[in-house]
Amino acid sequence: METEEDFAGTIVDDEEVYANGGDIQLQRHRPVISGEQLDIEAYAALYAGRTKISRLLFIAEECGVPSMQMEALRMAYDEIKKGENTQLFREVVAKIDGRLGPNYGPDNSWSDAVDRRAESRKEKLESELTAYRTNLIKESIRMGYNDFGDFYYAHGQLGEAFKSYVRTRDYCTTAKHITSMCLNAILVSIEMGQFVHVASYVSKAEQSQDSLDPVVIAKLRCAAGLAYLEGKKYKLAARKFLETGPELGNHYNEVIAPQDVATYGSLCALATFDRAELKSKVIDNVNFRNFLELVPEVRELINDFYTSHYASCLEYLGNLKANLMLDIHLHDHVETLYQQIRSKALIQYTLPYVSVDLHMMANAFKTTISGLEKELEALITNDQIQARIDSHNKILYARHADQRNGTFQRVLQTGGEFEREVRSMLLRANLIKHDYNLKASRKL
């Protein structure tokens, strides 16, 4: 998937226009995505719960900009104090290390009060669960374990939370209960990075399709998409994100925002879909269009890639990259996806032509001649481009198959198939003529 957009306010010469696959009249002058720093406050507002804190801490760790790091830590500090995770609070205080002043230092009185309430709450939950198990009331036992899962999740004990949620499975009496258990297990598994469990519980939840409402289905699609993304199965990830319904809205912001669905789905689709799939499953996808409207940069990027405006696509991708590297789920995959998208663009660029001027192609892809030659060499070696390079004249010549020889081969193949069919027909006719089938059945 490449990024889009021509340079606003700049003059585009004829060669670049031709290289981009359009004419002067059709050149679009839209503003390129700004390379400004990520607006942390606006970004954090898209999320809720533990993932909001995790994303802020990830930005603080990876951004490399002191001012951005301090802003992310400050927001994480404030968000943690709204909850009960004292262990995470102490970790953030250690990272701040007094750099934000006395108002963002250790708060022992708050931590002690939260810990005391937690201990009291835990004792109460244990006594209630013991009573429920004594009375053998399945629904009460299920709720007891569920409350324990909520308790451990709120205090950052994700392993214990997962165990408690899973234990409710034996006491679920309806399909809705099983779905709730699966969603809780999925949430904790995503936080722990255990995406094998995510895929497993998505599959379990989908077994009872009749009891799933559109919002739950959308959540499961997103969770499955994240699992495939983590497993580097980008085409499957793209399909799941593209299947996500607009009902998702902000109902799953404890895991993913609608903007993420658009970005993840589009990048994975650009990296793995062919031209026909990109048109039918992304550009013409009415449901997914609702997500793309939230991220116009990505929407325009897809359109430019599809219409072969590669210079603007690459410009867009370059501007998006810095912020994508700060995404907690996508950062490990950005380089791979970008390389696959660029390779697809190179292949798609060369397909219509018998020969291509490497100078013009290098200009379209914003690279040097030598760099472009190396990329093309790799694609030719992997049989992704059927061509040869004239290094002296800097021209790429397509190697088209021998049409005459190919026609002869197809004729011979068709003749062989016809001969086999005729022989089979003659054999069947002789069997019927000599009443062979009837005699065989009588013997039985």
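This text follows the structure it describes.
Residues numbered from 1 in each chain as written. Predicted model: local features only at pLDDT ≥ 70, side-chain atom pairs only at ≥ 80, totals over all residues. Heavy atoms only, no water.

Peer 1: Is there a simple way to explain the overall build of the protein in this structure?
Peer 2: Check the secondary structure of the protein and you find 22 helices and three strands. Here the protein holds 444 residues, and 44% of them are scored as buried. For the protein, long-range pairs separated by at least 24 residues make up 64% of all intrachain contacts whose partners lie at least 6 apart in sequence. Put simply, the protein shows about 23,300 Å² of open surface, and 52% of that area lies on carbon and sulfur atoms. (Helix = DSSP H or I, 4+ residues; strand = E, 2+ residues; numbered from the N terminus. Buried < 20%, exposed > 50% of the residue type's maximum accessible area, 1.4 Å probe, protein only. Contact = heavy atoms within 4.5 Å. Areas by Shrake-Rupley, 256 points an atom, 1.4 Å probe, with all protein chains shown as cover.)

Peer 1: I keep staring at the packing of aromatic side chains and nothing clicks. Help me out?
Peer 2: The relative placement of two aromatic rings is captured by the distance of their centres and the angle of their planes. Scanning the model with the defined rule gives 14 aromatic pairs in all. Ring geometry for F162 and Y201: centres 6.0 Å apart, planes at 85 degrees, overall edge-to-face. Placement of F162 in helix α8 (residues 158–167) and of Y201 in helix α10 (residues 195–206) is noted, with a sequence separation of 39 residues between them. The pair F162 / Y201 is uniform in exposure class, with both members buried. Centre to centre, the rings of F241 and Y264 are 5.7 Å apart; their planes meet at 65 degrees, and the pair counts as edge-to-face. Taken together, the positions of F241 in helix α12 (residues 234–243) and Y264 in helix α13 (residues 258–272) put the pair 23 residues apart, joining distant regions of the chain. Y264 matches F241 in its accessibility class, with the two residues each being buried. Clustering of aromatic rings is evident, with ring pairs tying together Y77, F89, Y104 and W110. Looking at K204, its charged tip hangs above the ring of Y201, at a distance of 4.9 Å from the centre. Sitting above the plane of the Y306 ring, R275 keeps its charged end 4.3 Å from the centroid. (Phe/Tyr/Trp six-rings, centres within 6.5 Å; stacked < 30°, edge-to-face > 60°. Lys NZ or Arg CZ within 6 Å of the ring centre and 35° of its normal.)

Peer 1: What exactly am I supposed to notice about the pattern of salt bridges here?
Peer 2: Working definition: two side chains of opposite charge can pair if their charged atoms are close together. By the definition in use, this model includes 22 salt bridges. For the salt bridge of R55 with D327, the shortest nitrogen-to-oxygen distance reads 3.7 Å. Remark: D327 occurs in the loop between α17 (310–324) and α18 (334–350) and R55 occurs in helix α3 (residues 49–62); sequence separation between them is 272 residues. Neither residue differs from the other here; R55 and D327 are each classed as buried. Linking R74 and E71 is a salt bridge whose minimum nitrogen-to-oxygen distance equals 2.7 Å. One end of the pair is R74 and the other is E71, both in helix α4 (residues 66–80) and three residues apart, which spans about a single turn. One continuous salt-bridge network, built from bridges that share partners, spans K52, E79 and K82. (Salt bridge = Lys/Arg side-chain N within 4 Å of Asp/Glu carboxyl O.)

Peer 1: Help me understand unusual backbone geometry in this model?
Peer 2: With the exception of glycine, the majority of residues adopt a negative phi angle, and the majority of peptide bonds are in the trans configuration. The phi dihedral of K232 is positive, around 60 degrees, even though this residue is not glycine. For K232, the position within the fold is in the loop between α11 (214–230) and α12. Positioned with a positive phi, K394 is a non-glycine residue whose angle comes to about 55 degrees.

Peer 1: Explain the environment of Q69 here, please?
Peer 2: Note that Q69 resides in helix α4. In this structure the C-alpha to C-alpha distance between Q69 and L57, which are twelve residues apart in sequence, comes to 8.5 Å. Contacts of Q69, omitting those with residues within four sequence positions, involve A60, C63 and R99.

Peer 1: Is there a simple way to think about the environment of T173 in this case?
Peer 2: Along the chain, T173 turns up in the loop between α8 and α9 (175–192). A sequence separation of 35 residues divides T173 from K138, and the C-alpha atoms of the two residues are 8.1 Å apart. What T173 contacts, discounting residues up to four positions off in sequence, is K138 and E139. There is a polar contact of 3.4 Å between the side chain of T173 and the side chain of H177. (Polar contact = N/O pair within 3.5 Å; in protein donor to acceptor, adjacent residues only side chain to side chain.)

Peer 1: Can you help me understand a nonpolar patch on the surface in this one?
Peer 2: On the surface, L427, L431 and Y436 cluster together into a nonpolar patch covering about 300 Å² of accessible area. Structurally, the position occupied by Y436 is in helix α22 (residues 436–443). (Patch = residues over 30% accessible without salt bridge, like charges linked within 9 Å, V, L, I, M, F, W, Y side chains within 5 Å.)

Peer 1: In this structure, what is going on with the packing of α11 against α12? I would like to understand it.
Peer 2: The description of two helices packed together rests on the angle between their axes and the distance between the axes. Where α11 contacts α12, the two axes come as close as 8 Å, and the packing angle between them is 165 degrees. As judged from the angle between their axes, α11 and α12 are roughly antiparallel. Crossing hand, α11 versus α12: left-handed. Along the contact surface, α11 presents R221, C222, A224, G225, L226, Y228 and L229, while α12 presents Y234, L236, A237, K240, F241 and E243. In the contact of α11 with α12, the residues fall into nine nonpolar, one polar and three charged. (Axes fitted to C-alpha atoms, helices over the stretch in contact; angles between N-to-C directions. Parallel < 35°, antiparallel > 145°, perpendicular 65-115°, else oblique. Left-handed = near helix turned anticlockwise from the far one by under 90°. Nonpolar A, V, L, I, M, F, W, Y, C, P; charged D, E, K, R; others polar.)

Peer 1: When you look at the packing of helix α16 (residues 296–306) against α17 in this model, what are you seeing that I'm missing?
Peer 2: Look at α16 against α17: their axes get within 8 Å of each other, and the N-to-C directions meet at 150 degrees. One element, α16, and the other, α17, form an angle in the roughly antiparallel class. The handedness of the crossing between α16 and α17 comes out as left-handed. The segment α16 lies against α17, with E297, E300, L301, D304 and F305 engaging Y310, S312, C313, Y316, L317 and L320.

Shape descriptors only; they carry no functional weight alone.
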